[in-house]
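Fold and geometry: a report
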Amino acid sequence: MYVLLQSTAVAPNSLTVIDFLADFVKFWQIIVFVFGAYQFWANRRERLAADKVRESQELLDSNYQAWLVVNSAQGKGGSGGRIDALTNLARNTRSLAGVNVDGAWLVGVDLRGADLAHASFEDANLQGARVAGARFSAASLLRADLADLVGWREIAAVNYARLQDIQRAPHGFREWAVEQGAEGDAVIEDMSAENFSTQFRAV
């Protein structure tokens, strides 16, 4: 029996080698894990950066297409895709200053928060338009249909906006707008250079 046990026993030196190999394997497992985690983190940063660039380019492309729709339909009646185009531009860029949509059918257009300074909506149908936070400084709304205007009391600016002959405006809108500096039924006659410059600076 003693001889059998002695023959199957592992030498102390053998145990030391096995322990060393086990620790060596564990060490490299940790190295591989750490390297993999770093690669994942680095790739994630690259993916996020690429996604950001792609989203920025998609936004530019979307805005370009929207402006193309708006400008190509200028002077024409109907919608011509301008409802979605203006809504997207208002959401993406906020600035629609100087846009001309005279005579356009813009029922339900969402212009919340948009900068519409010097924009022209003459003879346009804005029924149900959402305008909270929009800036209509020096915009022209001559003969525009303003039925069911949503959020008009939250309009950010309406100074020097032209409201002559607006149609179906919400009750109290005209009076409120005039109090905020809009032009009501009386057209300003003094268009001297000094007066115009003063008005422009106020916008």
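Since the model is a prediction, treat every value here as computed from it, not as a measurement.

What counts, and where the lines are drawn
- Residues numbered from 1 in each chain as written.
- Predicted model: local features only at pLDDT ≥ 70, side-chain atom pairs only at ≥ 80, totals over all residues.
- Heavy atoms only, no water.
- Salt bridge = Lys/Arg side-chain N within 4 Å of Asp/Glu carboxyl O.
- Helix = DSSP H or I, 4+ residues; strand = E, 2+ residues; numbered from the N terminus.
- Buried < 20%, exposed > 50% of the residue type's maximum accessible area, 1.4 Å probe, protein only.
- Contact = heavy atoms within 4.5 Å.
- Phe/Tyr/Trp six-rings, centres within 6.5 Å; stacked < 30°, edge-to-face > 60°.

A word on the pattern of salt bridges
- Summed over all chains, the structure comprises 5 salt bridges.
- Here Arg-130 ties to Asp-110 by a salt bridge, and the two come within 3.7 Å at their closest N and O atoms. With a gap of 20 residues between them, Arg-130 in the loop between helix H3 (82-92) and helix H4 (173-179) and Asp-110 in the loop between H3 and H4 connect regions that are remote in the sequence.
- Here Arg-130 falls in the partly exposed class, since its relative accessible area comes to 34%.
- Of the charged contacts in the structure, one is a salt bridge between Arg-168 and Asp-145, with a shortest N-O distance of 2.7 Å. Placement of Arg-168 in the loop between H3 and H4 and of Asp-145 in the loop between H3 and H4 is noted, with a sequence separation of 23 residues between them.
- Residue Asp-145 is classed as buried on the basis of its relative accessible area of 12%.
- Where salt bridges share partners, they join Asp-110, Arg-112 and Arg-130 into one cluster.

What to know about the side chain of Asn-125
- Mapped onto the elements, Asn-125 comes out in the loop between H3 and H4.
- Filtering out sequence-adjacent residues up to four positions away, Asn-125 remains in contact with Ala-104, Trp-105, Leu-106, Val-107 and Asp-145.

A short note on the packing of aromatic side chains
- Enumeration according to the criterion identifies 5 aromatic pairs in this entry.
- Taken together, a centroid distance of 5.6 Å and an interplanar angle of 85° make the contact between Trp-152 and Phe-173 edge-to-face. Pair noted here: Trp-152 is in the loop between H3 and H4 and Phe-173 is in helix H4, with a separation of 21 residues, a long-range link.
- A relative accessible area of 2% places Phe-173 in the buried class.
- With a centroid separation of 6.4 Å and 35° between ring planes, the pair formed by Phe-173 and Trp-176 is classed as tilted. You can see Phe-173 and its partner Trp-176 sitting in helix H4, 3 residues apart, about one turn around the helix.
- Pairwise contacts between aromatic rings join Trp-152, Phe-173 and Trp-176 into one cluster.

Don't take any of this as a statement about function, it's just geometry.
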